[in-house]
Amino acid sequence: MKIAVVIGSLRKESVNRAVFEQYAEFNKDVFQFEEFAIGDMPLYNQDIQAPDFIQQRAQAIADCDGVLIFSPEYNYSVPGVLKNALDWWSRAEPQPFAGKPTAIIGASPGAIGTARMQYHLRQVGVFLNMRLLNKPEVMIGGAYDKVIEGKIVDDGTVEFLQTHAESFKQFIES
Ligand SMILES: Cc1cc2nc3c(=O)[nH]c(=O)nc-3n(C[C@H](O)[C@H](O)[C@H](O)COP(=O)(O)O)c2cc1C
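These notes cover the structure that comes with them.

What counts as what
- Residues numbered from 1 in each chain as written.
- Predicted model: local features only at pLDDT ≥ 70, side-chain atom pairs only at ≥ 80, totals over all residues.
- Heavy atoms only, no water.
- Salt bridge = Lys/Arg side-chain N within 4 Å of Asp/Glu carboxyl O.
- Helix = DSSP H or I, 4+ residues; strand = E, 2+ residues; numbered from the N terminus.
- Buried < 20%, exposed > 50% of the residue type's maximum accessible area, 1.4 Å probe, protein only.
- Contact = heavy atoms within 4.5 Å.
- Phe/Tyr/Trp six-rings, centres within 6.5 Å; stacked < 30°, edge-to-face > 60°.
- Near = heavy atom within 4 Å.
- Polar contact = N/O pair within 3.5 Å; in protein donor to acceptor, adjacent residues only side chain to side chain.
- Areas by Shrake-Rupley, 256 points an atom, 1.4 Å probe, with all protein chains shown as cover.
- 1 Å grid on protein atoms, 1.4 Å probe; cavity = no way out; pocket = protein on both sides within 12 Å on 5 of 7 lines; lining within 4 Å.
- Sits in = over half its atoms within 2 Å of the grid points.
- Nonpolar A, V, L, I, M, F, W, Y, C, P; charged D, E, K, R; others polar.
- Pairing = 2+ DSSP bridges.
- Right-handed = clockwise from strand over helix to strand, strands pointing away.
- Points joined across faces, edges and corners; volume = space filled by probe spheres on them.

1. Comments concerning the pattern of salt bridges
Applying the stated criterion to the full structure yields six salt bridges. Here Arg116 ties to Glu73 by a salt bridge, and the two come within 3.0 Å at their closest N and O atoms. Of this pair, Arg116 sits in helix 4 (residues 115-127) while Glu73 sits in the loop between strand 3 (66-70) and helix 3 (80-90), and the two are 43 residues apart along the sequence. In this structure Glu73 comes out as buried when scored by relative accessible area, which is 16%. Where Glu173 meets Lys169, a salt bridge forms, and the shortest distance between an N and an O atom there is 3.5 Å.

Structure below.
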């Protein structure tokens with residue numbers, strides 16, 4: 001299964017990127033992951049046409065079997081860079097998220113592990129007609145104690161991510 005990955009953090013030491021890398025490593029026999037960069041996109045402006053590379057990425061996402069979004073929570077919501085990318089892709093033809101099996105995973109040092117971001121992102125997903133996996137919800141709180149030097153050191157988190165991967169696979173197949 002080909003999975004498009006979007007990461008809502010641009011920083012090198014991102015715990016969300018680390019969670020993605022571990023998830024990809026654990027599930028490399030099941031999923032083939034392709035990350036779609038968002039940091040090089042201009043700010044959305046309805047007056048300008050999408051640059052070709054944005055349209056090409058939209059087409060490549062549309063060709064995948066599913067989408068996985070790994071993202072932090074910024075100021076109780078979706079990071080601007082991620083929302084900017086979704087705004088660009090939402091106007092692409094084909095709109096790559098329409099009907100696409102999509103799952104959200106988030107990690108934060110706080111107690112509720114990106115819950116507020118995830119529910120805002122789900123609201124955006126309604127307009128984009130994403131087919132969102134409801135459960136399990138993966139909200140990794142206390143992430144600075146669970147992800148150290150790019151590795152998940154908490155067994156419960158690893159197990160939960162594997163439960164998620166199995167559910168996501170079944171969701172795509174259903
Ligand atoms: C602008 C900004 C806003 C933030 N707002 C929140 C927030 O609302 N909730 C939260 O749990 N953490 C918040 N944080 C802390 C992030 O969760 C933390 O920096 C996290 O490591 C970011 O994810 P990353 O490591 O994948 O880049 C914020 C950080 C920044 C820079």
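2. Observations regarding helix 3
Restricting attention to buried positions, one finds in helix 3 the residues Leu82, Asn84, Ala85, Leu86, Trp88 and Trp89. As for helix 3, its buried residues are in contact with strand 1 (2-7), helix 2 (52-62), strand 3 and helix 4.

3. Observations regarding the packing of aromatic side chains
Taken as a whole and judged by the stated rule, the model has eight aromatic pairs. Ring geometry for Phe20 and Phe70: centres 5.4 Å apart, planes at 55°, overall tilted. Highlighted residues: Phe20 in helix 1 (residues 15-26) and Phe70 in strand 3, separated in sequence by 50 residues. Neither Phe20 nor Phe70 differs from the other in exposure class; each is buried. Every member of this aromatic cluster is reached through a ring pair, and the members are Phe20, Tyr23, Phe31, Phe33, Phe70 and Phe168.

4. Observations regarding the site of the ligand
As a structural note, the neighbourhood of the ligand is formed by 13 residues, with Ser9, Arg11, Ser14, Tyr76 and Tyr144 the closest of them. Here a nitrogen atom of the ligand sits 2.8 Å away from a polar atom, N or O, in the side chain of Glu73. For the ligand, an oxygen atom lies 2.9 Å from a polar atom in the side chain of Ser108. In isolation the ligand offers 610 Å² of accessible surface; the protein chains occlude 73% of this area. A majority-of-atoms criterion places the ligand in the largest pocket. Of the residues in the shell around the ligand, the class split is six nonpolar, five polar and two charged.

5. Structural notes on the pairing of strand 4 (residues 101-107)
For strand 4, the buried fraction is high: seven of the seven residues fall into the buried class. Pairing of strand 3 with strand 4, which is carried by four bridges, proceeds in the parallel orientation. The residue bridging Ile69 from the neighbouring strand is Ile104, located in strand 4. Where the polypeptide runs from strand 3 across helix 3 and back to strand 4, its parallel neighbour, the crossover connection is right-handed. Pairing between strand 4 and strand 5 (residues 131-132): two bridges, direction parallel. Residue pairing for strand 5: Pro101 is matched across the bridge by Arg131.

6. A few points about the layout of surface pockets
Estimates place the volume of the largest pocket at around 230 Å³. Every residue lining the largest pocket is counted, 19 residues in all, and those nearest its centre are Pro72, Glu73, Ala107, Ser108 and Pro109. Looking at the lining of the largest pocket residue by residue, the class counts come to nine nonpolar, seven polar and three charged. Its boundaries defined by the atoms lining it, the second largest pocket holds a volume of some 160 Å³. Lining the second largest pocket are Arg11, Lys12, Glu13, Ser14, Val15, Arg17, Ala18, Glu21, Val147, Ile148, Glu149 and Gly150. When contributions to the lining of the second largest pocket are tallied by element, the ones reaching two or more residues are helix 1 and strand 7 (147-148). Looking at the lining of the second largest pocket residue by residue, the class counts come to four nonpolar, two polar and six charged.

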